[in-house]
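Chain by chain, the residues run as shown.
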Amino acid sequence: MISIAGRAIGAGHPPFVVAEMSGNHNGSLERALAIVDAVAASGAHALKLQTYRPDTLTVDCDGPAFRVGEEHELWGGETLYRLFERAHTPWEWHEPIFERAREHGLIAFSSPFDPTAVEFLEKLGVPAYKIASSEIVDLPLIRLAAATGKPLIVSTGMASIGEIHAALATAREAGCTELAVLSCTASYPASPAESNLRSLPLLAALTGEVVGVSDHTPGIGVPLAAVALGACLIEKHVTWSRAEGGVDAAFSLEPAELAALVVESGRAWQSLGSVAIGPRPSEREGLRFRRSLYVVRDVRAGEAVTPANVRSIRPAGGLPPDAAGEVMGRRFTRDVPFGTPLSWDLI
């Protein structure tokens, strides 16, 4: 278990739902604040940003290595610099966004992408850091974020077991004592078929840490399935409206869908229960209404037991239905009124 801003995250607690705004503000602070309000109304637990500038991630170069592949569904042919310019959240917006989130009781934090971002976020007092999938190989960045002593959430998209081990070992050596590891398919949008959620128990066993999902598939089916396999934290991109477009809108949830995710992931977690086969406490009343053998009309002593006067009906209380073959043809030992559960002493 880990704790972020006093909120416990682990197998013994309902899933921690993080709404990632990313670039879905579409360059408008007003829209960003409206998204914060919608996230709060949905019941999600946290709001996350991404803290970078285009110049802290790449350079303004038009070479082939600096372009997204033409075949990409959303960003094909775009240069990295222009994409990050479009998607980044201006640093001067962080404080009002975080302030609005805190007013709503949301936990607000971010993904830093370089040392200046960590320094900036420290000044804003974020309670945790998220390491994005592409940054899992940036061990100096992980070392710096971990050295703050705050919880670290690490996405593992594209990462090998060796890279995951190196990232977590670096975080621990730098002083991080609270880690969460997220399964992630770092494609945008991602196909549910590539989620490989059966790997979640393995990820938990290999790392010994709290696990979850950073999910870029459409809808909420994948994260709900993940809860059944041990996910304690769910991160999903959120937007005000997919129809209005935006850099990440295509794989983002709208507010009503986010609200459904919060409710249904809580139900999914509740449904895990314990390892037990047998009647549940809530089924005790139902046990009274199982079938059993009953006398279904008034009979006299000495009268034979027949299908006309003894039947298998609800409720329980009489001999089991399978005893019918043994009692047919026997005789009643006394007068028995209609509606009496059949017992061996009556025949």
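Coordinates for the structure precede this section.
Along each chain, residues carry numbers from 1 onward, in the same order as the chain's sequence is written. Local features in this predicted model are restricted to residues whose pLDDT is 70 or higher, and side-chain atom pairs enter the listing and the counts only when it is 80 or higher, whereas totals over whole chains, interfaces and linings include all residues. Working from all heavy atoms in the structure, the side-chain values ignore hydrogens and water.

Caption draft 1: Examining the overall build of the protein chain more closely. By definition, any uninterrupted DSSP run of H or I lasting at least four residues is a helix, any uninterrupted run of E lasting at least two residues is a strand, and each is numbered from the N terminus. The helix and strand tally for the protein chain stands at 12 helices and 13 strands. Relative to a compact globule of 347 residues, whose C-alpha radius of gyration would be 20 Å, the protein chain shows 30 Å and is clearly more extended. Principal-axis analysis of the C-alpha atoms places the extent of the protein chain at approximately 100 × 45 × 40 Å. Buried positions account for 47% of the 347 residues belonging to the protein chain. For the area figures, the Shrake-Rupley method with a 1.4 Å probe applies, and any residue is considered shielded solely by the protein chains shown. Summed over its atoms, the accessible surface of the protein chain is roughly 16,300 Å², and 55% of this surface lies on carbon and sulfur atoms. For this measure, only C-alpha atoms enter the radius of gyration; the expected value for a globule follows 2.2 Å times N^0.38, where N is the number of residues. Exposed residues in this analysis have more than 50% of their type's maximum accessible area, buried residues have under 20%, and partly exposed residues fall in between, with area computed by a 1.4 Å probe over protein chains only.

Caption draft 2: Region of the structure containing the environment of S110. Tracing the backbone through its elements, the reader meets S110 in strand β5 (residues 107-112). Considered as a pair, S110 and C61 are 49 residues apart in the sequence and their alpha carbons are 27 Å apart. Contacts are residue-level and defined by heavy atoms, with any inter-residue pair within 4.5 Å sufficient. Once you skip the residues sitting within four places of it in the chain, S110 turns out to touch K48, L49, Q50, T51, H94, F98, L121, A128, Y129 and K130. Here the side chain of S110 touches T51 through a polar contact of 2.5 Å, side chain to side chain. Whenever a nitrogen or oxygen atom comes within 3.5 Å of another N or O atom, the pair is scored as a polar contact, on the condition that within protein one atom can donate a hydrogen and the other can accept it, and that pairs from neighbouring residues in sequence are kept only if both atoms are in side chains.

Caption draft 3: Focus on unusual backbone geometry. Residue Y188 is joined to P189 through a cis peptide bond whose omega torsion reads -5°. Locating P189 in the fold gives a position in the loop between β8 (179-184) and α8 (200-207). For the bond from R314 to P315, the omega torsion is 15°, close enough to zero to count as cis. Turning to its location among the elements, P315 is positioned in the loop between β12 (310-313) and α12 (324-327). With a phi angle near 75°, M158 is a residue other than glycine that sits in the positive phi range. Tracing the sequence through the fold places M158 in the loop between β7 (152-155) and α7 (161-173).

Caption draft 4: Expanded view of the packing of helix α4 (residues 91-103) against helix α5 (residues 115-124). Interaxial angle, 0 to 180 degrees, is taken between N-to-C directions of lines fitted to C-alpha atoms, where a helix line uses only the stretch in contact. Running from N to C, α4 and α5 cross one another at 40°; their axes reach a closest spacing of 11 Å. Regarding the angle of α4 to α5, the classification is oblique. α4 and α5 meet at a crossing whose hand is right-handed. Between α4 and α5, the contacting residues are W91, H94, E95, F98 and R102 on the first element and T116, A117, F120, L121 and L124 on the second. Its residues assigned to classes, the contact of α4 with α5 comprises 6 nonpolar, 2 polar and 2 charged. An angle below 35 degrees is treated as roughly parallel, one above 145 as roughly antiparallel, one from 65 to 115 as roughly perpendicular, and anything else as oblique. By the definition used in this description, the sense in which the near helix is turned from the far one sets the handedness, with an anticlockwise turn below a right angle giving left-handed and a clockwise turn giving right-handed. Under this grouping Gly is polar, as are all residues other than the nonpolar Ala, Val, Leu, Ile, Met, Phe, Trp, Tyr, Cys and Pro and the charged Asp, Glu, Lys and Arg.

Caption draft 5: Fine view of helix α1 (residues 29-42). By this rule, a helix spans an expected 1.5 Å times one less than how many residues it contains. Between the first and last C-alpha of α1 there are 20 Å, a value that for 14 residues agrees with the 20 Å anticipated at 1.5 Å per step. Taken as a whole, α1 has its buried residues at R31, A32, L33, I35, V36, A38, V39 and S42. Packed against the buried residues of α1 are β3 (16-20), β4 (46-51), α4 and α10 (255-272). Its side-chain oxygen at 3.3 Å from the backbone nitrogen of E30, S28 defines the N-terminal cap of α1. Downstream of α1 by a residue or two, G43 has a phi angle that is positive, lying close to 95°.

Caption draft 6: Quick look at the sheet that holds strand β11 (residues 292-295). Taken in spatial order, the 3 strands make up an open sheet running β12-β11-β13, and their pairing is antiparallel. Edge positions in the sheet fall to β12 and β13 (340-341), since each has one partner strand and no second. When β11 meets β12, the two strands line up antiparallel, connected through 4 bridges. Paired with V295 across the strands is V310, a residue of β12. Two strands are counted as paired when DSSP detects at least two bridges linking them.

Caption draft 7: Local environment of the nonpolar core. Ranked by internal contacts, the top residues of the largest apolar core, which has 73 residues, are V39, I97, L152 and L258. In this view, L152 contacts Y129, I131, I142, A145, A146, A171, C176, E178, L179 and A180; residues no more than four positions away in its chain are not counted. One finds V295, A323, V327 and I347 within the second-largest nonpolar core, a separate group that totals 13 residues. Among the buried residues, those of types Ala, Val, Leu, Ile, Met, Phe, Trp, Tyr and Cys that are joined through side-chain atoms within 4.5 Å form a nonpolar core.

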